[in-house]
Amino acid sequence: MTDLTPDVVIVGGGIAGGALATVLARNGLEVFVLEREIYYPDRVRGEWIAPWGVAEFKRLGLIDVLRQHGALSVERNVPYDENWLPEAAEQRALDFTKLPPDLPTPICIGHPTMCNAFEASAKAAGARALRGVKEVEVTGGVRPTVSFTLNNELLRLTPRLVIGADGRNSVLRKQLGFSIHSDEPHNLLGGMLVANVPAWPRHVQAIGTEDRLHYFVFPQGEDKVRLYACYDFADRRKFAGPDREVRLLQAFRLKCLPYSEAIVGGTPISPFHSYSNEDHWIDDPTLPGVVLIGDAAGHNDPIMGQGLAIAARDVRIVSDLLQSEKDWGHAEFAPYVEERRERMRRLRIAAGLATKIRVEFGEDAKQRRARVSDRMIERQLSPLPAAIIGPERLPPGAYTTETIEKLIAP
Ligand SMILES: Cc1cc2nc3c(=O)[nH]c(=O)nc-3n(C[C@H](O)[C@H](O)[C@H](O)COP(=O)(O)OP(=O)(O)OC[C@H]3O[C@@H](n4cnc5c(N)ncnc54)[C@H](O)[C@@H]3O)c2cc1C
């Protein structure tokens, strides 16, 4: 058994883990990253980075890493939807190039590509990244320990701090007894990567609802698009079974969506995976010697695509604290705990509203969606812009029940 004493051990070499490892190693810390997978699989985990998240990656000095690995800028969101003819939807498009100057356009990049890119940047900065790590066990405290097996060898590290970045089903979270809250599952969200769709405009994304499907199309590199389908639990069998990829593709034969035939003619190049959509949160994702970040610390309902931005903000706040605080004692992470708690509360409210407006079906829901869209074009207060500009930029009044009732009122 080996016993090494690095500054930080990060469990989970995904987005949050790889990004934090890069930043800390660039700051001169000795960092180990322990990743379970040998190859990063396409689990359908986030391809679109919100403008406020891109701003966070920029502040972290990581945007070039993403650009060098093919990140694509998206300039317009077109709400092709059963409420409007395509030309009318185009008139309602959100032009991301007109956001405030400190907010970049969103970017699209594959999740496994990002994980590989951050692992490479972490290694280039001097971090040690181990893949294929099994049976990780962590104890907290003034001198935490991390034991694990790698190639059947049992290893042990005793760092100053352990970071839990092992994703939405975090093993560390369970091992260390963090209690997690969640709301009722809202619906199902699944995604799939499709090639051979050269007709799809490379700088346009589309989000809308038709009949009983809420859909997303995000451009990816070359001729690829990432499709997401959000649907009711009652419809789960429509997208289950061995031919689910074909059925998902067929579901994109939508009247409201130009290029839908081009999409249906594309070639699925990943499995279709779906997950239930709900929020999970932890009041305090820290213990002496341990800090959880990214999905491990609780995640927003993916309907608004906020997880990557959340992970980047976590990395920025935690790395700043590690840089400025000498002791790394438990109390020093209080600013992270407080900021994250309010950030996730606000995003939870916004996601709840997004679900209500976009993933409830039928005539009443359709009319409500059109009403809310009109009111937002007229700049009525709403929590929904949080998903683009970041939750802290809206006034607290955007998140109240009164604001939401006024926004959706008949
Ligand atoms: C269907 C769906 C669509 C989404 N779409 C978007 C989107 O468009 N935009 C967006 O911003 N977010 C999106 N998200 C959310 C986003 O994917 C996550 O919030 C983001 O990946 C969180 O990063 P992370 O590093 O915390 O976790 P992950 O990226 O999941 O990384 C966790 C890492 O930990 C590793 N790991 C797990 N357990 C262990 C262990 N015991 N030991 C060692 N390693 C371990 C995993 O293998 C993985 O590499 C989506 C999520 C889902 C489910």
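Keep in mind the model is a prediction, meaning the values are calculated, not measured. (Residues numbered from 1 in each chain as written. Predicted model: local features only at pLDDT ≥ 70, side-chain atom pairs only at ≥ 80, totals over all residues.)

1. Overview of the overall build of the chain
Across its full length, the chain holds 13 helices and 23 strands. In terms of overall size, the chain behaves like a compact globule, its C-alpha atoms giving a radius of gyration of 21 Å where 410 residues would be expected to give roughly 22 Å. Oriented by its inertia axes, the alpha-carbon framework of the chain measures out at about 65 × 45 × 40 Å. Burial status across the chain gives 48% buried among its 410 residues. (Helix = DSSP H or I, 4+ residues; strand = E, 2+ residues; numbered from the N terminus. Rg over C-alpha atoms; globule rule 2.2 N^0.38 Å. Buried ≥ 20, exposed ≤ 12 C-beta atoms within 10 Å, placed from the backbone.)

2. Side note on the sheet that holds strand E4 (residues 48-49)
Pairing within the open sheet is antiparallel, and its three strands lie in the order E4-E8-E5. Taken across any chain shown, the strands that pair with only one partner, and hence form the sheet edges, are E4 and strand E5 (72-73). Bridge count between E5 and strand E8 (residues 107-108): two bridges; the pairing is antiparallel. Looking at E8, one finds that leucine 72 is bridged to cysteine 108. (Pairing = 2+ DSSP bridges.)

3. A closer look at the nonpolar core
Judged by nonpolar contacts, the single largest core of 122 residues is most densely connected at Ala19, Leu20 and Ile293. Looking at this core element by element, the count peaks at nine residues for helix H10 (residues 334-358). Not counting chain neighbours up to four residues away, the residues in contact with isoleucine 293 comprise Ala16, Leu20, Ile163, Ala165, Ala311, Asp314, Val315 and Val318. (Core = buried A, V, L, I, M, F, W, Y, C linked by C-beta atoms within 7 Å. Contact = placed C-beta atoms within 7 Å.)

4. Notes on the site of the ligand
As a matter of local geometry, the ligand sits amid 38 residues, with Gly12, Gly14, Gly46, Gly294 and Gly307 nearest to it. Ranked by residues supplied to the shell around the ligand, first place goes to helix H9 (residues 307-324) with four residues. The residue makeup of the shell around the ligand, split by class, is 19 nonpolar, twelve polar and seven charged. (Near = placed C-beta within 6 Å. Nonpolar A, V, L, I, M, F, W, Y, C, P; charged D, E, K, R; others polar.)

5. Section: the pairing of strand E16 (residues 204-210)
Look at any regular strand and the pattern is simple: side chains alternate between the two faces of the sheet. Summarising burial for E16: six of the seven residues are buried, a large majority. Here strand E6 (residues 76-78) pairs with E16 via three bridges, running parallel. Across the sheet, residue arginine 76 finds its bridge partner in E16, namely valine 204. Here E16 runs beside strand E17 (residues 213-219); their pairing, made up of five bridges, is antiparallel. Bridging across to E17, threonine 209 finds its partner in histidine 214. The turn linking E16 back onto E17 is made up of two residues, and aspartate 211 within it adopts a positive phi angle of 55°.

6. Brief notes about the pairing of strand E12 (residues 153-157)
Pairing between strand E11 (residues 145-150) and E12: five bridges, direction antiparallel. Considered in E12, the bridge of phenylalanine 148 is made with leucine 155. The turn linking E11 back onto E12 is made up of two residues, and asparagine 151 within it adopts a positive phi angle of 50°.

7. Notes on unusual backbone geometry
Most peptide bonds take the trans configuration, and most residues that are not glycine carry a negative phi. Backbone geometry at valine 44 places phi at a positive 65°, although glycine is not the residue there. When you line up the elements, valine 44 lands in the loop between strand E3 (31-35) and E4. Valine 44 gets classed as buried once you count the C-beta atoms within 10 Å, which come to 21. Phi is positive for aspartate 211, which is not a glycine, with a value near 55°. Looking at the element boundaries, aspartate 211 is found in the loop between E16 and E17.

8. Topic: the domain arrangement of the chain
Taken domain by domain, the chain holds domain 1 (2-67 + 109-183 + 279-345), domain 2 (74-98 + 187-277) and domain 3 (356-408). Computed over C-alpha atoms, the centres of domain 1 and domain 2 are 30 Å apart. With ten residues of domain 1 in contact, the opposing surface of domain 2 contributes twelve residues. Here the side of domain 1 that touches domain 2 is composed, by residue class, of five nonpolar, one polar and four charged. (Domains from an automatic or database assignment.)

9. Some points on the packing of helix H1 (residues 15-26) against H9
Close contact between H1 and H9 brings their axes to 9 Å; oriented N to C, the two are set at 30°. The orientation of H1 relative to H9 falls into the category roughly parallel. Seen along the crossing, H1 lies across H9 with a hand that is right-handed. Contacts between H1 and H9 pair Ile15, Ala16, Ala19, Leu20, Val23 and Leu24 from the former with Leu308, Ala311, Ala312, Asp314, Val315, Val318, Ser319 and Leu322 from the latter. When grouped by side-chain class, the residues that make up the contact of H1 with H9 number twelve nonpolar, one polar and one charged. (Axes fitted to C-alpha atoms, helices over the stretch in contact; angles between N-to-C directions. Parallel < 35°, antiparallel > 145°, perpendicular 65-115°, else oblique. Left-handed = near helix turned anticlockwise from the far one by under 90°.)

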